Amino acid sequence: MSTTTLLGALLPAVPLVAGLLGLLLPPSPPGAGSGGDRSRRAAIALGVAGAAGALALAVALLVTLDRSAEASTTWVDLGGLTVSLGVRLDGAAALVAVAVAAVALAVQVYSVGYLRRGPHDDVDTDHRYPPYAAQISLFTAAMLLVVVAGDLILLLVGWEVMGICSYLLIAHDRRLPEAPAAAMKAFLVTRVGDVGFLLGIALLGVSAGSFRIADVLAHDHATGTLTAACLLLLAGVAGKSAQFPLHTWLPDAMAGPTPISALIHAATMVAAGVYAVTRLYPLFEVTPVALAVLGVMASVTLLLGAFAATAQDDLKRVLAWSTVSQIGYMTGALAVGSTPAALFHLLTHAAFKALLFLAAGAVIHAVGTTLMSRMGGLRRGMPVTFWCTVVGLGALAGVPPLSGFWSKDGVLTVAQEAALHGAGPAPSWVGWLVWLAGLVGVAVTAWYATRLLLRTFFGETRMPLAHPHDPPAVMRWPVLLLAVPAALLGLAGFDWAFARRLLLAPTAGEPGERLLVHVGPELLLPLALLAVGAGLAWLRWRRDPAADPATALGPLRPVFAAAFRLDDLQRALVVRPTKALARATRTADEVVVDGAVEGSGRAALGLGGGLAALHRAALPRAAAGVLAGALLIGLAAVLIGVSA
């Protein structure tokens, strides 16, 4: 094994060991004193060390990896169907690993201050911090395993471990009634997609005779098998990356701690689906049906998330719906045939979305509410948080020269090429769909980003008793450091060396022809739509700073706030019938199955009781019974003798 592949193998192993050791630490009950403090300090040390070690390994891998590398060994051989242990490394994997580890480290450090006081506690410490920090480490290890896995079964292991970690972390504060419910919803909805993902992997592995990714990509699959497998894989992508119609879990997951929201939205769960498609993209590239389905799913999700974000009052839910929309840009880029554009937006989104969630956490930490209707005027008391939020929202909306501007423009450019010139493996109508949806999304994103900024930081405060302040250093530094890539990472797209790492299969041609950023007249339309969206929100707010710009939505506001009532539709078509079926099954089990078993038992008991009563008869009755029996036997003998 070379040094490069060794780094790849160690990448998920370091946070995994930190997480497993952290699980051995006992949660410290209230009043635990120095013992509880020692447990918390050990959990902090393990969590931060695991994430820092992963980041160091990821940076080392990025520096040393000059070409694709792979190493594997057979793990299981079932009659010619092999499962291997190994890693598959390329430039994209190294860059995504750096992003995952960097966000994980920021979340671990930030959580030290954010969870210092337990939610709704009168004590100074969240006493369940040790398992919380350990679960973050396991979450990080699972995502890094997805990033470097060279076998589909290994990838599936990381994929599923992320699911259970998200369940545990969203439900961290079990005293909040919405937290366990949100965790269960996230777990069940993503499991629906994971069934399809598992079946898709099984089809590919059986077809190729191996689950090793290189073997799966090299095998000549039958057209029907490949189409079915890719469509099944997209079900898992829809669940993990919160794409329509399995997107409904992500906004509810905001019931978890805000640092966990940053981790899920920026670098782990929602990025996993997009990354998995890039790993298997040569299969999707020759399956136009799957790309068409992906394009429709991306366009609907992009607009659905953007419009839903316009009417939310909860600060975190605005950011959650924006994630749904931004992932739509990534899957849209994949649908029109550009993995570099999708990965570039994945990286910039990881930076600015982690920044936005941690900045939102600072606001919530200071004012004690997530509702924008109770905020306002915070920029005077929280200048650091304000300017970091400006950077994050600017990148989200696509304000030049911030990172989101360049990566979102890259997506729009490849979609435009697919629409106007038929470039890419998908039909041209997919390009039109993604391009038009992306352009509308630019204006809507600018509108709700401007609304969030104005409602939260401008105007007069709507909480006169609040004394907002910037967070302590342990929370402030992660926010400040994340502001740097959120602002500048997009400029890396001008560097051919950076762009080459995101090209999964580099082709011939001049480096300048394959840069990730595009400067030309095509930038004018998105910039105009950006100005229109932001300007409309500002004009509405300027007219009445005390009013919510969302009032401009009129009768559409409750529809957007309820995300087009798709949750209600899901509840009516899936949840209620499933519960009714479960009740009917339980009744049948209790009345029919249990009734038959228990009824036969009661009948046997009754028969035994009757026989026992006969055996307990008085002596005269017993003697009479014996005499009667003897007479019957004698009579039978006589009758048999006569007949003979």
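Preceding block: the structure.
Residues numbered from 1 in each chain as written. Predicted model: local features only at pLDDT ≥ 70, side-chain atom pairs only at ≥ 80, totals over all residues. Heavy atoms only, no water.

## Quick notes on a nonpolar patch on the surface
Here is step 1 of the chain: On the surface, a cluster of nonpolar side chains totalling about 450 Å² of accessible area is made up of Val484, Leu488, Leu491, Phe494 and Val519.
Here is step 2 of the chain: In this structure, valine 484 sits in helix α19 (residues 473-488).
Here is step 3 of the chain: Judged by relative accessible area, valine 484 falls into the partly exposed class, the value being 46%. (Patch = residues over 30% accessible without salt bridge, like charges linked within 9 Å, V, L, I, M, F, W, Y side chains within 5 Å. Areas by Shrake-Rupley, 256 points an atom, 1.4 Å probe, with all protein chains shown as cover. Salt bridge = Lys/Arg side-chain N within 4 Å of Asp/Glu carboxyl O. Helix = DSSP H or I, 4+ residues; strand = E, 2+ residues; numbered from the N terminus. Buried < 20%, exposed > 50% of the residue type's maximum accessible area, 1.4 Å probe, protein only.)

## What about the pairing of strand β2 (residues 81-89)?
Here is step 1 of the chain: Where strand β1 (residues 69-78) lies against β2, nine bridges are found, and the strand directions are antiparallel. Bridge pairing in β2 places glutamate 70 opposite arginine 88.
Here is step 2 of the chain: In this structure, the hairpin formed by β1 and β2 is closed by a connection of two residues, where glycine 79 is found at a positive phi of approximately 60 degrees. (Pairing = 2+ DSSP bridges.)

## Thoughts on unusual backbone geometry
Here is step 1 of the chain: Backbone torsion omega between phenylalanine 244 and proline 245 reads 5 degrees, so that peptide bond is classified as cis.
Here is step 2 of the chain: For proline 245, the position within the fold is in the loop between α8 (223-240) and α9 (249-252).
Here is step 3 of the chain: Along the chain, proline 400 connects to proline 401 via a cis peptide bond; the corresponding omega equals 0 degrees.
Here is step 4 of the chain: Look at alanine 563: it is not a glycine, yet its phi comes out positive at around 55 degrees.

## Describing the packing of helix α5 (residues 152-170) against α8
Here is step 1 of the chain: With their axes 12 Å apart at the nearest point, α5 and α8 run at an angle of 30 degrees to one another. Between α5 and α8, the angle falls in the class roughly parallel. You can see that α5 and α8 cross each other, and the crossing is left-handed. Mapping the contact onto sequence places Trp159, Met162 and Gly163 in α5 and Gly236, Val237 and Lys240 in α8.
Here is step 2 of the chain: Of the residues belonging to the contact of α5 with α8, the class tally is three nonpolar, two polar and one charged. (Axes fitted to C-alpha atoms, helices over the stretch in contact; angles between N-to-C directions. Parallel < 35°, antiparallel > 145°, perpendicular 65-115°, else oblique. Left-handed = near helix turned anticlockwise from the far one by under 90°. Contact = heavy atoms within 4.5 Å. Nonpolar A, V, L, I, M, F, W, Y, C, P; charged D, E, K, R; others polar.)

## A look at the packing of helix α15 (residues 339-367) against α19
Here is step 1 of the chain: Viewed as axis vectors pointing N to C, α15 and α19 meet at an angle of 150 degrees, and their least axial separation amounts to 8 Å. By the angle class used here, α15 and α19 are roughly antiparallel. α19 is crossed by α15, and the crossing has left-handed handedness. Where α15 approaches α19, its residues Ala351, Phe352, Ala354, Leu355, Leu358, Ala359, Ala362 and His365 are matched on the opposing element by Met475, Pro478, Val479, Leu482, Ala483, Pro485 and Ala486.
Here is step 2 of the chain: In the contact of α15 with α19, the residues fall into 14 nonpolar, one polar and no charged.

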